[in-house]
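Commentary on secondary and tertiary structure
Now for the letters of each chain:
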Amino acid sequence: MVRMGPDVPLLNEYKQEFFWKRFPQTVLGGPRFKLGYCAPPYVYVNQVVLFLTPWLLGGIGTLLCQLQLLEELHAAMLSGLLMLGAAVGVQALALYAARRNAMVERLGVPNILADEEEVEFTHCVGPETVRFIAPGKRFGLNVVLHTVLAGALCGLGTWYVLLGRLTALYGSVGVALVVFVLSWVTLCTAEYSLIVNTATETATFQAQDTYEITPLTRPLYILAFIAVDLADRFTGPVPELQLTSQVLHVVFLVLPLLWALGMLSPLDALLLWGMEQALVFGLGGSPMSSNLRLLGMFAMSVCVTVCTFFIPSTLGVVLFSMAMGFLLSLDLSQFGTYCGGGSRGACGDSGWHRGASPAPPSLFGWRLGCSELLLYLGLLLGAMTEAGLLHHFLSPSQTQNLARVSQDAVGYLLITLFIVCWALREIQGAYVFGGVFLNPLYPRGMANVRVFKQRSRACPVITVKLYMHLITLFYFAVSPFAMVAFLALDGSVQQLHTASLSVGFTRAFRVVWQSSEDALLQMMVVVSVRLAAGDTRLPGWDSLGIGVQLLLVGLLSDRLLQFLSKLKFALAVLVTSWTEKKQRRQSAGTLLVLNASLCPLLLSVVVLSAMLSAPLLPLFTLPIFLVGFPRPQRSWPGPVGTACPCPDSIYYQQMSGSLACALRSAFARGSLGALTPGSHFLGRFQDRVVWIMILERGYGYCTVNIKGLELQETSCHTVEARRVDEVFEGAFERPERLGLNQGINLHWGNALTPCAALPVRVYSDARNVLSGIIDSHDNLRKLQDDFLKALVWLLLRNCVQRLKAFPWGTEEGTGGGGTKSQSSQLGQSTVTQPAEAIMVDLTSFGDWSDEDDLFGPQPARRTVALVSTEAQLGDTVLQTGPSLPGSVEMDSLFENMALSALQPLQPLGLGLGLPAVDKGRNPEAPPTKSSGTLAHENFSCPHSELFSLPPGWRTAPLLPFRLQQLRPLFPEEWFRFTLGRLALAVQDEASEDVAKSLKEDGGLRDIHAQVALSCLISLGAESAFTSPSYVYRVYSGDVPWTEGLKWLSENKELYQLALKAFRYSFKLLFDQASLGPMESLDELFSTLEEYERDWYIGLVAEKGWQDSVLQEKPFLFSLGHDLTMGTYTGRVLSLQEQLVQVGHLNGEGVRGQWANLSWELLYATNDDEERYSIQAHPIMLRNLTVQAADPPLGYPIYSSVPLHLPCF
């Protein structure tokens, strides 16, 4: 994305032409009168006739009714039957045309980039004409259903708009005629969309209409209007119902305009939105993280409410509502997993174990166990006992005065609890009073986690964080029990056998547990009204009952908060369209004047969108505001967790587990403010941007979705990320003592409000240009010596691995000196790893897998050496053996085993001593003669056999004198030192004499020298590494051809060891150039141990790199080459606990921009990568918001499945 600024077009010329062809079709319901090519007149005439057919057929029934030849019902039935016949005829023609077109296949490949195919018309009723006008249905069931519905719609519509009925409603024939004509326009658009050709609706929720639901949208809205009119006809004179019918007849006229503006939801979105609103405000639940959970929870909640209505005893109602409200507010997915016998916790089914993400910690609430069950059972029994006793002994039916006094006392307690809880939550964040003022108690100027924790402990008032259990006690124990007591003492429970009171009372007991913070606010408002009224009775208010009162207060408070958020978003769009120079278009002044002059209309749009809980849609993100269609809080129809993965996704996947743990603590102490489903948070660390959305909220848990945005920053991404950094710096990095002017949030108008900094275990990325290191001749000469030392260490270590499973790196005594590596300079905290991750397997190099460093991921293979060793040791477990990059092996019938790994067929005497094999010989490499370079195993020490190398590694096709010339390069002192250390580690009972005899064994030393020098020659480093490019090629595994390269490549395990040794030697070069040379052999030994234990040294493109990130290897190093700059770079990832800064986003701003994105891409098909609505906007964070949308409209590179986090 290169072009930025106000001159970017809203729609390019091609899309503008396409839009102006599609929009009239949407307004009229499907007729295509504007084409991109010339068409015969009969094409337009046929469409006009089909469009007016319902009006003509309905007019017949209307005329017969006006002439009093037929009754109203009979006239409606006649019109419906005529329309049914016409619909059958249209569908029959469409089916006939489809069969004719199927018989004649068009030659050539269709242009998939064209928006519409140019049709060659031959006749007014030809197959291509019929196919163009009436494409037909994809499913036979829809043919029948839509045809029958078309007849019913025409009949009922005729009855709905009869002139006699309209005259009776409005008392004027003129008004009735106007309503009659315009109403039939609405009916014709719905009939045409249903039976002829479906228009593309502006309100699009799904990217594809797989089951042909869109044609049903307009007819079902019309049937809803007709249902109200029929109720008015048959229920007698009800003034309210008659007024409603009059209003709806007027609204009926503008339905085509509402459909064209996209204000009316599609059926799927309407169903989900309706269930969600009923569940939250009518039944006391929460928006759910999936459609299936929403449907199940809605059904269970309705059943509970119905059961409450039929329970005869008021005590039974209190106990049943209390128990079911508590149970339904819990995370039921935990109970499903627990009952199913699974061991995973609340987040076990939420992607914790996908890939190698860290598992949730074994803390209270993460997994459903005995302690959690006992707590839930204790809370349930305690609340039921409290409610039952208070209702039985202190209910108004028993002692009215005592009940009133007791309820007032509980009311004062609730007000006090609300103030205390609000204050405790408010002082936990970086800002107070709605993000206007900086919190003087919040620690600032944190350089790292250590400083942050120190300042948190030093601040005397922040000790509230140390009493996080006190906040938990207030929110999850004291407040719910106090609210249960208030409800149990209310007198309205005696009148429960009415629908409204049953619904309200059931909701009240549910919301106490489902959302204690919201319930506490609602209770406080109701108590304040009662205390303010005193003994004065409020007839309209008191008759509602406590349940309905809380319902209304909850609904009004939610809509008020939505209105304020939408108003802030609208003002931000308006103001920034002029103040931000890069957002100031030529029409900015005109739009500002129009909005100012039409201010009442703008406020009406904001109020209407808040009342409907619909997004406020800024068209093209300009100050042109529309009411988007109501949709669920999640905004997207698909399942949570879809993303556009790339290699960088692993960094977000790795940090998601630790971030979830940090969020859990922040939720528990209230650092992120009130947690309401639909809230959005933004996290920032280095080049990573994390998008967090609250999906669901219940008692003691919160369900979130974590998304990761792209790391390869575009220009727009960079602009907004820089502003995000500025906003966070203003909140977290200011000095401690602030003046009055500096204590105000200077970025209050921004969509982002900083909340808290959370310590998260994440990889810190450091990149260095290696100029002066990799091109230094002294370093290149030193590289040869370091390579031989690293290779000798790896060869001896390989021998140790072949002997026994050695717990490498867990013994503190293995390294007496300090390590000369960067990890020792970073002050890392100890990384706790499971024992099986620390134990090094007998013959496996699983920690170093280079078989895919050049050619992508390769399937695991079992080599000859591995199979042979397993056969000797009786090991039946599949292991991963090293293989040469690029080598190809055929799959066998033995699953992961390569054909080359199978033992050769032997005669029937197998197992009876034939064929004879020398004891101690490795069957991996048969003895071969190669220029006499095979050294004889003349060992002077009986233990030297343990450290001998396979014979196949000693058959390099090299002349002996070449090895003799290079023999001085072999580090004999290092060999003896390493051998002595490893010998003591292998045999605990070995004495110093055994180690000394091993060091003095010349035969063993000659074998290792021969193999090491052969590898040195095969890699082309016989003299020295000549250039940085050569070093980079060898490091990458792209070794130039040498005399012994073929031999080395055939010995796959040795090739991997040599490549690994070279990478270790380059890391030694890098560390010594940065930190100084090694001071002793002991320090070098410890450094190599650390490389093996804590580092992955390879390439970023390798699968091993990704696996190491997911396994949380403490450090990773890679060598890269910047082709544009011509430089070599070193990249170091270090796993540290870093501060991730988290801020709260304006949720209504996010929903509004996502609504515009859906309209712009799904309807206007404006997928231009440089369109105006995706350009950088530092205030609205427009580009980041678009990225965070669910695919296919957005493109987050990582998205977790719903994570269920405990909030205790």
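The name recorded for the protein in an unreviewed UniProt entry is Pecanex-like protein, from Oncorhynchus tshawytscha. Heading Sequence similarities (unreviewed entry) of the UniProt record for the protein holds this comment: "Belongs to the pecanex family." Under the heading Subcellular location (unreviewed entry), UniProt records this for the protein: "Membrane".

Quick look at the overall build of the protein now. Across its full length, the protein carries 40 helices and 13 strands. Here the protein holds 1208 residues, and the buried ones make up 54% of them. Across the protein, the fraction of contacts at a sequence separation of at least 24, relative to all contacts at a separation of at least 6, is 76%. Accessible area for the protein stands at about 51,700 Å²; split by element, carbon and sulfur atoms hold 64% of it.

Now for the side chain of Q1136. With respect to the helices and strands, Q1136 occurs in strand β11 (residues 1127-1145). For Q1136, a relative accessible area of 17% corresponds to the buried category. At 2.7 Å, the side chain of Q1136 forms a polar contact with the side chain of S1134.

Our next topic: the side chain of T158. Take T158: it is sitting in helix α5 (residues 140-160). Residue class for T158 comes out buried when judged on its relative accessible area of 0%. For T158, the contacting residues outside a window of four places in its chain are G58, T62, A76, S79 and W184.

Our next topic: the pairing of strand β13 (residues 1203-1206). Side chains L1203 and L1205 project from β13 onto one buried face, and the interleaved H1204 and P1206 project onto a second face that is buried too. In this structure, strand β7 (residues 701-708) lies alongside β13, joined through 4 bridges in antiparallel fashion. Its bridge partner being in β13, C702 is matched across the sheet by L1205.

With that settled, consider the nonpolar core. In terms of nonpolar packing, the biggest core is built from 120 residues, with M322, F326, L414, L663, F667, L672 and V704 touching the most fellow members. Ranked by residue count, the leading element in this core is helix α18 (residues 468-488), at 11 residues. If sequence neighbours within four positions are ignored, L414 has contacts with A482, M483, F486, L520, M523 and V527.

Right, let's get into helix α25 (residues 649-669). Since there are 3.6 residues in each turn of an α-helix, residues three or four apart along the chain are aligned in direction. Between its first and last C-alpha atoms α25 spans 30 Å; for 21 residues at 1.5 Å apiece the expected length is 30 Å, and the two agree. Maximal helix bending in α25 amounts to about 40°, located at S656. Among the 21 residues that make up α25, 19 are buried, leaving the element largely enclosed by the rest of the structure. Phi turns positive, to about 80°, at G670, one or two residues after α25.

What follows covers unusual backbone geometry. Omega for the bond connecting P1191 with P1192 falls within 30 degrees of zero, at 10°, which places this linkage in the cis form. Considering the arrangement of structural elements, one finds P1192 in the loop between α40 (1182-1187) and β12 (1198-1199). At S613, a residue that is not glycine, the phi angle is positive and equals roughly 55°. Along the chain, S613 falls in the loop between α24 (599-611) and β3 (616-618). The buried category is assigned to S613, whose relative accessible area is 2%.

Another aspect to go through is the packing of helix α13 (residues 314-328) against helix α15 (residues 370-394). The N-to-C vectors of α13 and α15 enclose an angle of 155°; their axes lie 10 Å apart at closest approach. Put simply, α13 runs roughly antiparallel to α15. Remark: the crossing between α13 and α15 carries right-handed chirality. Contacts from T314, L315, V318, L319, M322, A323, F326 and L327 in α13 reach Y376, L379, L380, A383, M384, A387, G388 and H391 in α15.

The next subject is helix α11 (residues 267-282). Taking 1.5 Å per residue as the helical rise, α11 with its 16 residues ought to reach 22 Å, and the 21 Å between its terminal C-alpha atoms agrees with that figure. Residues of α11 that are buried sit in contact with α8 (217-234), α12 (291-310), α19 (499-514) and α22 (545-579). Phi for G284, located one or two positions after α11, is positive at around 80°.

Turning our eyes to something else, we now look at the packing of aromatic side chains. For any two aromatic rings, the description comes down to two numbers: the centre-to-centre distance and the angle of the planes. Inspection of every chain in the model, using the stated rule, returns 40 aromatic pairs. With a centroid separation of 6.4 Å and an interplanar angle of 90°, the aromatic rings of F205 and F629 are classed as edge-to-face. Residue F205 is located in the loop between α7 (173-195) and α8, and its partner F629 is located in the loop between β4 (625-627) and α25; the two are separated by 424 residues in the primary sequence. Its relative accessible area of 7% is what places F205 among the buried residues. With 6.4 Å between their ring centres and 55° between their planes, W974 and F1085 make a pair best called tilted. Residue W974 is found in helix α31 (residues 972-986), and its partner F1085 is found in helix α37 (residues 1081-1094); the two are separated by 111 residues along the sequence. Like W974, the residue F1085 is buried in the burial classification. Taken together, the ring pairs in this structure connect F19, W20, F23, F620, W1159 and Y1163 into an aromatic cluster.

Before going further, it helps to examine the pattern of salt bridges. The final tally for this structure, using the stated rule, is 36 salt bridges. Here R976 ties to E972 by a salt bridge, and the two come within 3.8 Å at their closest N and O atoms. With R976 and E972 both in helix α31, this residue pair falls 4 residues apart, about one helical turn. Using a relative accessible area of 29% as the deciding quantity, one classes E972 as partly exposed. Each member of the salt-bridge network shares a partner with another, and the members are E72, R165, D229, D232 and R233.

A cluster of nonpolar side chains, contributed by F33, V48, L52 and L56, occupies part of the molecular surface with about 320 Å² of accessible area. Relative to the helices and strands, F33 is located in the loop between α1 (13-28) and α2 (41-66). Owing to a relative accessible area of 32%, F33 belongs among the partly exposed residues under this scheme.

Right, let's talk about the pairing of strand β10 (residues 1115-1122) for a bit. Every other side chain in a regular strand lies on the same face of the sheet, so the side chains alternate between the two faces. Most of β10 is tucked away, with 6 of its 8 residues classed as buried. Sheet analysis places strand β9 (residues 1095-1098) next to β10, joined by 4 bridges and oriented parallel. By the bridge assignment for β10, W1095 is matched with F1115. Handedness of the crossover joining β9 and β10 through helix α38 (residues 1103-1110): right-handed. A loop of 4 residues connects β10 with β11, the two strands running antiparallel in sequence, and G1126 in this loop sits at a positive phi of about 70°.

Here we come to the packing of α13 against α19. Where α13 meets α19, the axes come as close as 8 Å, and the angle between the chain directions of the two elements is 40°. When the axis of α13 is compared with that of α19, the two are oblique. When the axes of α13 and α19 are compared, the crossing they make is right-handed. Taken together, the residues of α19 that come into contact with α13 (itself represented by V318, S321, M322, G325, F326 and L328) are F505, T506, F509, R510, W513 and Q514. Residues that form the contact of α13 with α19 fall into these classes: 7 nonpolar, 4 polar and 1 charged.

Calculation rules
Within every chain, residues take consecutive numbers counted from 1 along the sequence as written. This being a predicted model, a pLDDT of at least 70 is required before a residue's local features are given, and a value of 80 or more before pairs of side-chain atoms are given or counted; all residues contribute to the totals for chains, interfaces and linings. Hydrogens are left out, water is left out, and the side-chain values use all remaining heavy atoms of the structure. UniProt positions are given in the numbering used here, feature names are shortened, and annotations may be inferred rather than shown by experiment. Strands here are runs of E lasting at least two residues and helices are runs of H or I lasting at least four, both read from the DSSP assignment and numbered beginning at the N terminus. Only protein chains enter the accessibility calculation, which uses a 1.4 Å probe; a residue whose area is less than 20% of its type maximum is buried, one above 50% is exposed, and one in between is partly exposed. Contacts were defined at the residue level, with two residues in contact if any of their heavy atoms lie within 4.5 Å. In these tables, accessible area is a Shrake-Rupley quantity obtained with a 1.4 Å probe, and a residue counts as shielded only by the protein chains included in the view. Whenever a nitrogen or oxygen atom comes within 3.5 Å of another N or O atom, the pair is scored as a polar contact, on the condition that within protein one atom can donate a hydrogen and the other can accept it, and that pairs from neighbouring residues in sequence are kept only if both atoms are in side chains. Each pair of strands is called paired provided DSSP finds at least two bridges between the two strands. To define a nonpolar core, start from buried Ala, Val, Leu, Ile, Met, Phe, Trp, Tyr and Cys residues and group those joined through side-chain atoms within 4.5 Å. Here a helix's expected span is defined as the number of its residues, less one, multiplied by 1.5 Å. Think of it this way: the bend at a residue is just the angle between two axes, each fitted to seven residues, one set ending at that residue and the other starting at it. Axis lines are fitted through C-alpha atoms, for helices just across the contact stretch, and the angle between N-to-C directions can take any value from 0 to 180 degrees. Should an angle fall under 35 degrees it is taken as roughly parallel, and over 145 as roughly antiparallel, whereas 65 to 115 is taken as roughly perpendicular and any remaining angle as oblique. Take the far helix as your reference; a near helix turned counterclockwise from it by less than a right angle gives a left-handed crossing, and one turned clockwise gives a right-handed crossing. When the centres of two rings from Phe, Tyr and Trp lie within 6.5 Å, Trp using its six-membered ring, the rings pair. Their planes under 30 degrees apart give stacked, over 60 give edge-to-face, and anything left gives tilted. Just to be clear on terms, a salt bridge is a Lys or Arg side-chain nitrogen sitting within 4 Å of an Asp or Glu carboxyl oxygen. Patch membership requires more than 30% relative accessible area and the absence of a salt bridge. Residues of like charge join within 9 Å; the nonpolar side chains Val, Leu, Ile, Met, Phe, Trp and Tyr join within 5 Å. By definition, the crossover connecting two strands over a helix is right-handed if that path, from the first strand to the second, turns clockwise as seen with the strands pointing away from the viewer. Under the grouping applied here, Gly and all other residues not named as nonpolar or charged are polar, the nonpolar ones being Ala, Val, Leu, Ile, Met, Phe, Trp, Tyr, Cys and Pro and the charged ones Asp, Glu, Lys and Arg.

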